[in-house]
There are 2 protein chains.
Amino acid sequence: MKVEPKTLPGFMELLPNDQIQFNSMMDKIRKSYERFGFLPLDTPIIEMADVLLAKAGGETEKQIYRFNKGDNDLALRFDLTVPLAKYVCEYYNDISFPFKRYQIGKVYRGERPQKGRYREFYQCDIDIIGDGELNLINDAEIPSVIYTTIKELGFDNFTIRINNRKILNGLFAELDLEKESIEIMRIIDKLEKIGKENVVKCLQDLKIENEKINKIMEFLDIEGDTDSKLQKLQELGFINELFLQGLVELSEVIKNVRLFGVPDTNFKVDLTIARGLDYYTGTVYETFLNDYRELGSICSGGRYDNLAEFYTDRKMPGVGVSIGLTRLYSKLRELDIIENNQKSISKVLVVSMLDNNDRAIEVGAMLRKNDINTDVYLENKKIKAKFKYANRLNVPYVAIIGEEEEENGTVSLKNMETGDQKEVSIDELITILKQD
Amino acid sequence: MKVEPKTLPGFMELLPNDQIQFNSMMDKIRKSYERFGFLPLDTPIIEMADVLLAKAGGETEKQIYRFNKGDNDLALRFDLTVPLAKYVCEYYNDISFPFKRYQIGKVYRGERPQKGRYREFYQCDIDIIGDGELNLINDAEIPSVIYTTIKELGFDNFTIRINNRKILNGLFAELDLEKESIEIMRIIDKLEKIGKENVVKCLQDLKIENEKINKIMEFLDIEGDTDSKLQKLQELGFINELFLQGLVELSEVIKNVRLFGVPDTNFKVDLTIARGLDYYTGTVYETFLNDYRELGSICSGGRYDNLAEFYTDRKMPGVGVSIGLTRLYSKLRELDIIENNQKSISKVLVVSMLDNNDRAIEVGAMLRKNDINTDVYLENKKIKAKFKYANRLNVPYVAIIGEEEEENGTVSLKNMETGDQKEVSIDELITILKQD
């Protein structure tokens, strides 16, 4: 009786060339995070359930993978933020603050699997955690990391949308609509989909006075470039303190985002974004590929006041963002935004036409000594099979060794893209493979 | 009520500089595996229990993390070989054979935690899988990957011990001791610990005839360099076919290991190694750091006839090895074989002595544009706090910006190791940081 070898639905498993492409994206993100001095972290995938669920509830708790092993009530991490909170408290005395950490790892949510939804997926997080306080200027560094990272991934036409939750919360306070704020936010969120008129209708359905609706619409109507938006916010003449603080913060963040080198073409103030998570308290970010808005935000996050309130009385404010790489990759491939013509890990495949592989092995060893990723075909197959292997792997070059080449101490190098083939010395071979 | 932020015992969690060191080892292993053209794979950590346990039993089954989610009987992978077997069968038509893959990932075993034993640990595996057959020469490529990898990790004095299971099995067949072979192997395994005399005693306890014991001891007495060992094996005059086949295979592998460029100082024939796992059928490997034999084998594996017999009737022979990186790292650190003076991710920390960070941010952006990992200290703290941060992170350089430096468009660069400090232009700064 054979068992059917099957992978669970909702778990991404890639073919090698897709995996190479995926890893290359992950490497770029990591490199970009390290460029800004974020320190690597690698926390366990299994934690004690009470530690992991200290903060959770509702949807999260239902989705979690939770189980017993011996006497332990365990769970798989569902994000990288809770493990960070745990880590920062557990190793508080060994950490230098502000603590800039990145973590790239798999997280688990037992959602109903559907296209583009995964139960196991990579998150790529950065956070800056302060001990007691954290300068607002950090909120401006985050967009420069996003900018560098998304550029590194090969995109130019993207916008980092920046807002400050205090402005929205201040708006509701100014209008004495705090109780309705969550419902109003939900309506505002649909603005792009349903249009202004329907937003007004929805607000009327909530029994909000017309005067207040006008104020909200006036707020939503703020248009123009970044600086004129900030100007118009000022001109609303609101006196709510939270609102004014949010405005000061947003202006300061924008000033510094420019100083960090993010061009105005790649960020803008978007007064409508709030981020669903209720723990964001100040600056919030979303990032969109402008040619592919249907992807939704590909990098989101914000500022929070208390990272670890469920573990400690210490106040630990932080700011951070996350890229959901598994979903992003799957969408980019599904929409053919990135192609599937990934070259193999090896630069070259060495194949022997002789009845032994001795010279092929020698040549392979020389190439590897010169830091060139090299595969040597070792099976006793017909030459056709060897080229089929090279083609399916998508190796850029094949180095062929026949009797003549063995005698001359050369190889015949075939460029698999152009089909060109020429006899070259080992030195020439190394030069060509190194430069290309 | 606060929850205590605690990590489960048996789960390695590192401080940032240790993590940097760990990641650097992982990167070196990956780079070395890719140098030989192994393709990356990343299979799920959760699989269906019946898929994962198709082959398992005994100890493995007891240790496994297994649980239900909805109607699904799930388990966490306990090695990377079973997922490879699943993968090769599931994507058989999309894979080019021989399939050379590496996988570096966490695996889970719910062992009783003790020093140096982990419940979550990284394995770094390479395997070459054939479709129906796999040339013996692949068994010689594996030691060259081990050699390159262990060198890359910074070790010179190590020995890859190579044997062939057919020689041992042939020996037992020759002496008509197949039934006792497992017990005899267990005794032979203790040779180094208990000495020859006690091995003889143990064998006598098994009621093995003296004549046969003499043959076994004659076999174990085979000493000398690689070639003379092969010679002496020949001279034993055994006629068992399996034994002779093993001898031919071992000789062929040794010949090709040399061709692959592994020096004789770094490998030897060790007729006593068998590897516990019963699925090895031919060549077997163990690797020891000669100055630290107490670590045990740090890289082991071998040749097997049937990777995926529980999923398919297709014969898929393979050969591979694994490095248990979590255990290796923990041992290397515990025994002070590698030190804990890891430099930080950032090459330089930029600090402002002014009442703002504007120039520091600008300089940071310039350095990052030049591919230099750079941290900018953004908090409003005393200069002492800024240097404390630099020291604790172990950043090699600090670039200080005071009034004079701002005016001159320079920075004062302090080498944190030597304490030297000098004013340099931004161009000089980039040059120094790039070359060091």
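Just so we're clear, the structure is a prediction, and the values are computed from it rather than from any experiment.

Some words on the overall build of chain A
Okay, step 1: Broken down by element type, chain A carries 17 helices and 16 strands.
Okay, step 2: Taken over the C-alpha atoms alone, chain A extends approximately 90 × 60 × 45 Å along its principal axes.
Okay, step 3: In chain A, which comprises 436 residues, the proportion classed as buried is 46%.
Okay, step 4: Considering only residue pairs separated by 6 or more positions, chain A has 68% of its internal contacts joining residues 24 or more positions apart.

Some details on the relation of the copies chain A and chain B
The two chain copies are related to each other by a rotation about an axis together with a translation along it.
Okay, step 1: Superposing chain A onto chain B takes a rotation of 180° combined with a translation of 0.0 Å along the rotation axis, leaving an RMSD of 0.1 Å. Such a turn and shift between the copies fits a two-fold axis. It is phenylalanine 67 of chain A whose C-alpha, among those of chain A, lies nearest the rotation axis, at 3.0 Å.
Okay, step 2: When the interface residues of chain A are mapped onto chain B, 100% of them are again interface residues, pointing to one common binding face.

Observations concerning the interface of chain A and chain B
Okay, step 1: Taken together, the contact pairs 73 residues of chain A with 73 residues of chain B.
Okay, step 2: Of the residues forming the side of chain A that touches chain B, the biggest block, 6 residues, is contributed by helix α1 (residues 16-35) of chain A.
Okay, step 3: Here the side of chain A that touches chain B is built from residues that sort into 35 nonpolar, 17 polar and 21 charged.

Remarks on the sheet that holds strand β9 (residues 280-289) of chain A
Residue and element names in this part refer to chain A.
Okay, step 1: The 8 strands are arranged β1-β5-β6-β11-β10-β9-β7-β8 in an open sheet whose pairing can be described as mixed. Of all the strands in the sheet, the pair left with one neighbour each is β1 (39-40) and β8 (267-269).
Okay, step 2: Here helix α5 (residues 138-152) sits on the sheet in contact with β6 (120-129), β7 (158-164), β8, β9, β10 (300-304) and β11 (318-324), set at roughly 15° to β9.

A word on the pairing of strand β15 (residues 410-415) of chain B
Okay, step 1: Where strand β14 (residues 397-401) of chain B and β15 of chain B come together, 4 bridges link them in antiparallel fashion. Looking across to β15 of chain B, one finds that isoleucine 400 of chain B is bridged to serine 412 of chain B.

Considerations on the environment of leucine 220 of chain A
Residue and element names in this part refer to chain A.
Okay, step 1: Along the chain, leucine 220 falls in helix α10 (residues 210-220).
Okay, step 2: Along the backbone, leucine 220 and glycine 132 are 88 residues apart, and their C-alpha atoms lie at a distance of 35 Å.
Okay, step 3: When residues no more than four places from it in sequence are discounted, the contact partners of leucine 220 are Ile188, Leu191 and Thr272.

Overview of the sheet that holds strand β4 (residues 72-76) of chain A
Hydrogen bonds along the backbone pair up the strands of a sheet, which may run parallel or antiparallel.
Residue and element names in this part refer to chain A.
Okay, step 1: If you trace the 3 strands from one edge of the open sheet to the other, you get β2-β4-β3, paired in antiparallel fashion. Of all strands in the sheet, those with a lone pairing partner are β2 (46-48) and β3 (66-69), marking the two edges. Taken over all neighbouring pairs, the strand axes of this sheet differ in orientation by 40° on average, direction set aside.
Okay, step 2: By the bridge criterion, 4 bridges tie β3 to β4 in an arrangement that is antiparallel. Paired with arginine 66 across the strands is alanine 75, a residue of β4.

Digging into the pairing of β11 of chain A
Residue and element names in this part refer to chain A.
Okay, step 1: Most of β11 sits inside the fold, with 6 of its 7 residues counted as buried.
Okay, step 2: Pairing geometry for β6 and β11, over 7 bridges, is antiparallel. When the sheet's bridge partners are listed, cysteine 124 is paired in β11 with isoleucine 323.
Okay, step 3: Direction of pairing for β10 relative to β11: antiparallel, over a ladder of 5 bridges. Within β11, the position partnered with glycine 302 by the bridge is glycine 320.

Describing the packing of helix α9 (residues 196-205) of chain A against α10 of chain A
Residues and elements named next belong to chain A.
Okay, step 1: It is at 10 Å that the axes of α9 and α10 come closest, and there the two elements cross at 145°. As α9 packs across α10, the resulting crossing turns out to be right-handed. For the pair α9 and α10, the contacting residues are Lys196, Val200, Leu203 and Gln204 in the first and Ile213, Ile216 and Met217 in the second.

Section: the nonpolar core
Okay, step 1: Membership of the largest hydrophobic core comes to 252 residues, with the highest contact counts inside it found for Val88, Val350 and Ala399 of chain A together with Val88, Val350 and Ala399 of chain B.
Okay, step 2: Taken domain by domain, this core gets at least three of its residues from each of domain 1 (1-129 + 305-342) and domain 2 (348-435) of chain A.

Considerations on the environment of lysine 386 of chain A
All names here are of chain A.
Okay, step 1: Within the fold, lysine 386 resides in helix α15 (residues 383-393).
Okay, step 2: Of the residues examined, lysine 386 has 19 C-beta atoms within 10 Å and is grouped as partly exposed.
Okay, step 3: In sequence terms lysine 386 and serine 352 are 34 residues apart; their C-alpha atoms lie 9.2 Å from each other.
Okay, step 4: Those residues in contact with lysine 386 that lie beyond four places of it in its chain are Val351, Tyr377 and Lys381.

Side note on the confidence of the model for chain A
Okay, step 1: Overall, the predicted model of chain A reaches an average pLDDT of 94, with 98% of residues at or above 70.
Okay, step 2: What the predictor reports for the complex is a pTM of 0.96 with an ipTM of 0.96.

Some words on unusual backbone geometry
Residues and elements named next belong to chain A.
Okay, step 1: With an omega of -5°, the peptide bond running from phenylalanine 97 to proline 98 counts as cis.
Okay, step 2: Here proline 98 shows up in the loop between α4 (81-90) and β5 (99-108).
Okay, step 3: One non-glycine residue, lysine 207, adopts positive backbone phi at about 65°.
Okay, step 4: With respect to the helices and strands, lysine 207 occurs in the loop between α9 and α10.

As for the packing of helix α5 (residues 138-152) of chain B against helix α11 (residues 241-259) of chain B
Residues and elements named next belong to chain B.
Okay, step 1: Running from N to C, α5 and α11 cross one another at 45°; their axes reach a closest spacing of 8 Å. Of the possible angle classes, the one that applies to α5 and α11 is oblique. Remark: the crossing between α5 and α11 carries right-handed chirality. Contacts between α5 and α11 involve Asp139, Ala140, Pro143 and Ser144 from the first element and Val253, Asn256 and Val257 from the second.

Focus on α11 of chain B
Residue and element names in this part refer to chain B.
Okay, step 1: With 19 residues, α11 should cover 27 Å at 1.5 Å per step; its first-to-last C-alpha distance of 27 Å lies within 8% of that length.
Okay, step 2: Inspection of α11 places Phe243, Gly246, Leu250, Val253, Ile254, Asn256, Val257 and Leu259 among the buried residues, and these make up the whole buried set.
Okay, step 3: Residue glycine 261 follows α11 closely and has a positive phi angle near 95°.

Description of the environment of cysteine 89 of chain A
All names here are of chain A.
Okay, step 1: Checked against the element boundaries, cysteine 89 lands in helix α4.
Okay, step 2: Judged by the 22 C-beta atoms lying within 10 Å of it, cysteine 89 is buried.
Okay, step 3: For the pair formed by cysteine 89 and lysine 207, sequence separation is 118 residues and the distance between their alpha carbons is 45 Å.

Thresholds applied
- Residues numbered from 1 in each chain as written.
- Chains lettered and ligands numbered in written order.
- Predicted model: local features only at pLDDT ≥ 70, side-chain atom pairs only at ≥ 80, totals over all residues.
- Helix = DSSP H or I, 4+ residues; strand = E, 2+ residues; numbered from the N terminus.
- Buried ≥ 20, exposed ≤ 12 C-beta atoms within 10 Å, placed from the backbone.
- Contact = placed C-beta atoms within 7 Å.
- Least-squares fit on C-alpha atoms with pLDDT ≥ 70 in both.
- Nonpolar A, V, L, I, M, F, W, Y, C, P; charged D, E, K, R; others polar.
- Pairing = 2+ DSSP bridges.
- Axes fitted to C-alpha atoms, helices over the stretch in contact; angles between N-to-C directions.
- Left-handed = near helix turned anticlockwise from the far one by under 90°.
- Core = buried A, V, L, I, M, F, W, Y, C linked by C-beta atoms within 7 Å.
- Domains from an automatic or database assignment.
- pLDDT = per-residue confidence, 0-100.
- Parallel < 35°, antiparallel > 145°, perpendicular 65-115°, else oblique.
- Expected span 1.5 Å × (residues − 1).

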